[in-house]
Structure formats: C-alpha cells, structure tokens
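Chains, contacts and geometry: an overview
This is what each chain is made of:
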Amino acid sequence: MLELTSLKEFLAEPKQIVITTHPKPDGDAMGSSLGLYNYLILKGHRVNVITPTDYPSFLQWLPNNDKVMVYTEKTDESQHLVATADLIFCLDFNSLVRIDEMGNYVRESKAKKVLIDHHLEPEGFEDYRLWTTSACATAQLIYEFIVNEMGERQFINEEIASCLYTGIMTDTGSFRFRSTTSNVHRIVADLIDLGADNTLIHQLVYDDFSENRLRFLGHCLLNKLEVLNDYKSAIIVITKQELEEYEISTGDTEGIVNYALSITGIRLAILIIERTDVVKLSVRSTGNFPANEICKKYFNGGGHKNAAGGFSDQSIESVREKFDLILPEYKTQLIE
Ligand code: 5GP
Ligand code: MN
C-alpha cells in the first residue's frame with residue numbers, strides 16, 4: 001500500500017483516469033463519482049466514469065451525467081479505458097467481486113488503484129486507500145480528499161458541491177442516520193456555501209416519482225407488507241410479474257424497505273425482489289441488530305450494520321421461506 005500523500009504528486013501531471021463504482025449505483029455512488037470527475041477535469045486530467053450497470057433516472061440530472069459510460073452498454077470501450085488508464089478510482093465498494101465482470105478487468109489493469117470507501121472489510125486490491133467506516137458516505141470522503149489531501153477547497157464549484165451534497169443526503173437518509181455527526185453537518189453547510197442548492201436537490205431526487213411508481217408503493221404497502229410482530233420484523237416480497245405490471249424500472253424500488261422499518265416497534269425490515277437474473281435482498285435494521293450479518297451468512301452479501309443487501313440464486317418462495325428459520329435464530333436479539 002502506498003501513502004495517500006504521494007497520490008497528490010502522482011496527480012500533479014495530467015493523467016488518464018477511470019472512476020468506477022458499484023452496480024446499480026445509488027445517490028452516493030453517482031454523487032461521489034461525478035463529484036470526483038468534475039474536480040479531476042478541472043485539474044486537467046482525462047477522466048471517464050464507468051458504471052457496471054445503469055442507474056435510476058432521479059440521479060441523471062447530476063452535472064456531467066451525460067459523460068458517464070455504462071459498462072454493459074459500451075463493454076469494449078470500457079474494457080479498453082480500464083486497461084489503458086494510469087489510475088482507477090474505485091468508489092463506494094470494497095471488493096472487486098462486487099463489480100461483477102468489470103472487476104476482472106480492473107484487477108488486471110496496470111493502472112494504480114485508489115479505494116475511497118466506507119464499507120466494512122475492504123478486500124485490499126488497491127494501491128492507495130482512503131477508507132473509514134466512520135464516514136457517513138463516500139461523498140464525505142471525496143470532500144475530505146479534495147479539501148485535506150489535495151488542499152484544494154477552492155476548486156469545489158457548484159457542480160462538485162451539488163454532487164457531493166447528493167451523496168451525503170442520500171446515504172444519510174436525509175441527514176438522520178447515526179452517521180450524521182456534527183462534522184457531517186459542517187461539511188454539508190460548507191457544500192451549501194459552495195453552491196449546492198439543497199431545496200432543489202431534495203426535489204430532484206425525492207420528488208421525481210412517476211404515477212406508476214407511487215401506485216406501486218401503495219400496492220406494496222397495502223397488499224405485500226407482512227408484519228411479524230413476534231420477531232419485530234416486516235417483510236415485503238415483490239415478484240417479477242409485479243415489477244412488469246407496474247412498469248417498475250431501475251431505482252424505483254429504492255426506499256420501499258424503509259417504510260417497513262417505520263412501523264413502531266419494528267427492528268428489522270426485509271425487501272425481497274425477484275429480478276430477472278437473481279433474487280435481490282435489501283435489509284434494514286435499527287440499533288445494534290446486524291442486518292449485514294444475515295446478508296453475509298445467508299445471501300452472499302454484506303453492507304453496513306443497519307443497511308445491508310445480498311442476493312440468492314434460489315426461487316423467491318424459498319428465499320422468503322428461509323426467513324422462517326432465520327428469524328427464530330435471531331429472535332432473542334430482535335426482541336431484546
Ligand atoms: P441496498 O439495499 O440499498 O441495495 O443496499 C444497502 C447496502 O447493502 C449497500 O450500501 C451495500 O453496502 C450493501 N449491499 C447491497 N447489496 C449487496 C451485495 O450484493 N453484496 C454486498 N457485499 N453488499 C451489498
Ligand atoms: Mn455509500
């Protein structure tokens with residue numbers, strides 16, 4: 001591992017840079033990637049943001065979104081850029097397995113790799129690391145990278161500030177999760193001073209529901225929510241057929257799991273979605289209950305203590321049934 005301070009020297013000359021992040025990128029993944037992109041192009045580097053998959057339309061207003069390349073849409077070009085880059089920034093994920101096929105090309109690339117992330121247990125593939133689980137969002141680390149490591153707060157313009165604000169806002173559940181320290185509020189205040197329009201950003205991200213998406217949410221809450229009071233848990237199972245019926249696209253299911261957690265007394269919320277290739281899980285918890293442990297142990301996944309995810313190759317019915325065994329195993333912790 002190289003000292004992060006030497007990255008500043010490395011970046012003193014124009015470089016060919018790739019920025020990548022996790023599949024189905026969320027607000028933090030895209031806000032961090034485009035925040036860093038907008039900073040590095042100001043510095044005269046040639047930069048490409050490559051996402052492993054597509055991402056929701058409510059993130060597509062982010063400044064310079066039109067420059068983002070999606071690996072699955074431009075595979076050859078993406079592979080070429082990864083292979084010939086001088087430097088690859090890996091943002092908001094901690095293991096190359098997480099970025100699917102693209103991970104192999106990143107691993108093989110002769111480029112120096114930088115990990116900027118806040119997830120537990122990084123794999124250790126990188127040359128430079130800016131990592132701490134105490135950060136509320138990767139976007140916070142990008143802010144600290146520009147301000148503290150590079151010493152260039154003066155480069156943060158309205159575009160960069162808007163991207164980083166979006167990352168912090170979305171990863172902190174609009175500044176309410178435990179990770180939202182007073183320091184985070186100071187950073188957010190600084191981003192507003194630097195040009196982030198907080199009211200507009202909230203509107204662009206959270207008030208961009210299609211009619212279908214809102215009706216689908218209603219359907220999930222009315223017809224699909226299963227409340228298991230004995231386990232202080234709630235489960236929502238969504239089938240492929242329902243996704244098709246309501247014309248649900250990427251990102252439209254984001255946030256649904258949080259409604260299940262908002263019921264008084266519920267400590268564990270589980271959203272099970274039948275995607276085309278796999279069954280995807282989103283798990284949320286309150287307090288000390290380890291959502292990530294369940295995802296790691298049973299569903300090839302992981303994440304944070306209170307927000308985790310995973311997937312299964314089994315049928316959606318058997319994934320749901322698995323919880324009939326998992327919940328009793330965790331009953332003492334759930335009802336304590
Ligand atoms: P979400 O439920 O929003 O998809 O994911 C919540 C968190 O769980 C993410 O920030 C990420 O840390 C983690 N996560 C989601 N899916 C996976 C997965 O398939 N593998 C791992 N290791 N973590 C995941
Ligand atoms: Mn994040």
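Here, every reference points to the structure presented above.
Before going into details, it helps to say that this report is about the structure given with it. (Residues numbered from 1 in each chain as written. Chains lettered and ligands numbered in written order. Predicted model: local features only at pLDDT ≥ 70, side-chain atom pairs only at ≥ 80, totals over all residues. Heavy atoms only, no water.)

1. Focus on the sheet that holds strand β1 (residues 16-21)
Sheets are built from strands paired through backbone hydrogen bonds, the pairs being either parallel or antiparallel. Across the sheet, six strands lie side by side as β3-β2-β1-β4-β5-β6; this open sheet has parallel pairing. One side of each edge strand has no neighbouring strand; the edge strands of this open sheet are β3 (69-70) and β6 (128-131). Relative to strand β5 (residues 112-117), strand β4 (residues 87-91) is paired through five bridges, and the arrangement is parallel. If you follow I88 over to β5, its bridge partner there is K113. (Pairing = 2+ DSSP bridges. Helix = DSSP H or I, 4+ residues; strand = E, 2+ residues; numbered from the N terminus.)

2. Comments concerning helix α13 (residues 316-329)
Over its 14 residues, α13 runs 21 Å from end to end, which matches the ideal 20 Å to within 8%, given 1.5 Å per residue. What α13 keeps buried is the set I316, V319, R320, F323, I326 and L327. (Expected span 1.5 Å × (residues − 1). Buried < 20%, exposed > 50% of the residue type's maximum accessible area, 1.4 Å probe, protein only.)

3. Remarks on the site of ligand 1
The immediate surroundings of ligand 1 are formed by 14 residues, with H119, K280, S282, R284 and G309 found nearest. A distance of 2.9 Å separates an oxygen atom of ligand 1 from a polar atom in the side chain of H119. Here an oxygen atom of ligand 1 and a side-chain polar atom of R284 are 2.9 Å apart. In isolation ligand 1 offers 490 Å² of accessible surface; the protein chains occlude 77% of this area. Going through the elements one at a time, β10 (279-285), β11 (302-303) and β12 (307-312) are the ones with two or more residues in the shell around ligand 1. Among the elements that line the shell around ligand 1, the one with the most residues is β12, at five residues. (Near = heavy atom within 4 Å. Polar contact = N/O pair within 3.5 Å; in protein donor to acceptor, adjacent residues only side chain to side chain. Areas by Shrake-Rupley, 256 points an atom, 1.4 Å probe, with all protein chains shown as cover.)

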